[in-house]
Amino acid sequence: MGEGYRSEGGLRSLRRWRPRGTGPAARHRAGRAPYAAGVSDDDLVRRLRSGDESAFAEVVDAYHSSMVRLAQTFVSSRAVAEEVTQDTWLAVLKGIGRFEGRSSLKTWIFRILSNRARSTGVREQRTTPVDVSDEAAVNRRRFDAGGAWSDPPAHWSDEVVDRFSSGPLVAQVRAAISDLPESQRAVVTLRDLDGLSSKEVCDVLQISEVNQRVLLHRGRSRIRARLEDELAKR
Amino acid sequence: MKLTTLRRDIVCQQAVELVTDYLEGTLSRRDTRRFEAHLEACDGCEEYLRQVRATIRVLGRIQPEDLAPETRQGLMELYRQFRED
């Protein structure tokens, strides 16, 4: 699907920290495992347990930015999201001895984060009720009585990815993501921005596969509609 | 949306609601055939599916903010403190 967004980062880019924006370390994604493909979590978990500082640096480099982004889904500000993420790292260090490997290390860390961010959001009284409304992917007015398009989509799918390299559209999509209801935003962020699998998303957010799919569907539909509106303006 | 209750062809308004299930591979074989048959005959829905795919690609390009060196340094200090305790 997305060009290279699931590609492996590999160990090399993670070993040494470089100042911001000067090396591959600046481009870490949660979709990347902090170790070479084919190596299981076991080695990393063992190193974390034995107090290997470089192992901690690896997971921080790989996941911290995406963790803050996910936390922002649930809490009121970036500062609070950073705090929750920092608390999560402490919880990871304290709990690594109890990690059983039933899910991947990444999923386990993200689950701790989402639980903490959610309860912080509740304390902030920010959390909105779970969205249970019946929501159409496309405005009903665009179909005739028989359910066929009366106002079919204009053709822009071929060009949007190229046009996306320009700034304004990126800002619009970011805004569209933050406007999503919380649960849709969390699913879209993990699936489409971080590249987690549906199973991993279910594990992290502790939701059913069906619920995951519904939230993903609504979230993606809204973002598509927003892109459509934006492109119509240009 | 339950397609099993539908005996006839899919209409556009139903097709747009099936896009995610289709992409996730959770439609039955029969419903997949129906969905694809509709798209073959419907330019609007074909473009719609392409737009959703393009949306996913575009979302995959959105990077999280870089980890600031001072944040990273703070986390490493936190780590050392934790190990000392």
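In this text the structure is predicted, and so the values were computed from the model without any measurement. (Residues numbered from 1 in each chain as written. Chains lettered and ligands numbered in written order. Predicted model: local features only at pLDDT ≥ 70, side-chain atom pairs only at ≥ 80, totals over all residues.)

Caption draft 1: Spotlight on the overall build of chain A. On a plain count of helices and strands, chain A comes out with ten helices and zero strands. The order of helices and strands in chain A, counted from the N terminus, is α-α-α-α-α-α-α-α-α-α. Here chain A, with 234 residues, has 41% of them falling under the buried criterion. The contacts of chain A with a sequence gap of at least 6 include a subset with a gap of at least 24, amounting to 68%. (Helix = DSSP H or I, 4+ residues; strand = E, 2+ residues; numbered from the N terminus. Buried ≥ 20, exposed ≤ 12 C-beta atoms within 10 Å, placed from the backbone. Contact = placed C-beta atoms within 7 Å.)

Caption draft 2: Spotlight on the overall build of chain B. On a plain count of helices and strands, chain B comes out with four helices and zero strands. Sequence-ordered secondary structure for chain B, helices as α and strands as β, is α-α-α-α. The C-alpha extent of chain B, read off along each of the three principal axes, is 70 × 25 × 15 Å. Looking at the 85 residues of chain B, the share that counts as buried comes to 32%.

Caption draft 3: Helix 1 (residues 12-24) of chain B, seen in detail. End to end, helix 1 of chain B covers 19 Å across 13 residues, agreeing with the expected 18 Å (1.5 Å per residue, within 8%). Of all bends in helix 1 of chain B, the biggest is about 45 degrees, found at B:Leu18. Within helix 1 of chain B the residues assigned to the buried category are B:Cys12, B:Gln13, B:Ala15, B:Val16, B:Leu18, B:Val19, B:Thr20 and B:Asp21. Looking at the buried positions of helix 1 of chain B, the neighbouring elements they touch are helix 10 (209-233) of chain A together with helix 2 (29-41) and helix 3 (43-60) of chain B. Of the residues trailing helix 1 of chain B, B:Gly25 is marked for its positive phi of about 75 degrees. (Expected span 1.5 Å × (residues − 1). Bend = angle between axes of the 7 residues up to and from the residue.)

Caption draft 4: Representation of the interface of chain A and chain B in the model. Taken residue by residue, the interface counts 53 residues in chain A and 39 residues in chain B. Those elements that provide at least two residues to the side of chain A that touches chain B are helix 3 (53-72), helix 4 (78-95), helix 6 (157-163), helix 7 (167-178), helix 8 (182-193) and helix 10 of chain A. No other element matches the ten residues that helix 3 of chain A contributes to the side of chain A that touches chain B. The residue inventory of the side of chain A that touches chain B, partitioned by class, reads 29 nonpolar, 14 polar and ten charged. (Nonpolar A, V, L, I, M, F, W, Y, C, P; charged D, E, K, R; others polar.)

Caption draft 5: Geometry of helix 8 of chain A. When you tally the buried positions in helix 8 of chain A, you get eleven out of twelve residues, the bulk of the element. Taken as a whole, helix 8 of chain A has its buried residues at A:Ser183, A:Gln184, A:Arg185, A:Ala186, A:Val187, A:Val188, A:Thr189, A:Leu190, A:Arg191, A:Asp192 and A:Leu193. Buried residues belonging to helix 8 of chain A abut helix 3, helix 7, helix 9 (198-205) and helix 10 of chain A together with helix 3 of chain B. Two residues or fewer after helix 8 of chain A comes A:Gly195, characterised by a positive phi angle close to 75 degrees.

Caption draft 6: Examining the confidence of the model for chain B more closely. Looking at chain B, pLDDT values average 91 and 91% of them are 70 or higher. Both confidence scores are given for the complex: pTM 0.84, ipTM 0.89. (pLDDT = per-residue confidence, 0-100.)

Caption draft 7: Structural context of the nonpolar core. Judged by nonpolar contacts, the single largest core of 64 residues is most densely connected at A:Ala71, A:Leu113, A:Val187 and B:Val16. Top element by residues in this core is helix 3 of chain A. It accounts for ten residues. Two domains each donate at least three residues to this core, and these are domain 1 (12-123) and domain 2 (140-233) of chain A. (Core = buried A, V, L, I, M, F, W, Y, C linked by C-beta atoms within 7 Å. Domains from an automatic or database assignment.)

Caption draft 8: Geometry of the environment of A:Arg116. Residue and element names in this part refer to chain A. Here Arg116 lies in helix 5 (residues 105-123). Exposure remark for Arg116: the 19 C-beta atoms within 10 Å place this residue in the partly exposed category. The spacing of Arg116 and Asp87 is 29 residues in sequence and 8.4 Å in space, taken between C-alpha atoms. Excluding residues that lie within four positions of it along the chain, Arg116 makes contacts with Val84, Asp87 and Thr88.

Caption draft 9: Fine view of the domain arrangement of chain A. Residue and element names in this part refer to chain A. Parsing chain A into structural domains produces domain 1 (12-123) and domain 2 (140-233). Taken together, the 13 residues of domain 1 in the interface contact eleven residues of domain 2. Listed by contribution, the elements that provide at least two residues to the side of domain 1 that touches domain 2 are helix 3 and helix 5. The leading source of residues in the side of domain 1 that touches domain 2 is helix 5, at four residues. By residue class, the composition of the side of domain 1 that touches domain 2 is four nonpolar, six polar and three charged.

Caption draft 10: Local environment of the packing of helix 5 of chain A against helix 9 of chain A. Residue and element names in this part refer to chain A. Running from amino to carboxyl end, helix 5 crosses helix 9 at an angle of 40 degrees, the nearest separation of the two axes being 7 Å. Taken together, helix 5 and helix 9 sit at an angle that is classed as oblique. In this structure, helix 5 meets helix 9 at a crossing whose hand is right-handed. Each of Thr107, Phe110, Arg111 and Ser114 in helix 5 lies in contact with helix 9, whose residues at this interface are Glu200, Asp203, Val204 and Leu205. For the contact of helix 5 with helix 9, a count of residues per class yields three nonpolar, two polar and three charged. (Axes fitted to C-alpha atoms, helices over the stretch in contact; angles between N-to-C directions. Parallel < 35°, antiparallel > 145°, perpendicular 65-115°, else oblique. Left-handed = near helix turned anticlockwise from the far one by under 90°.)

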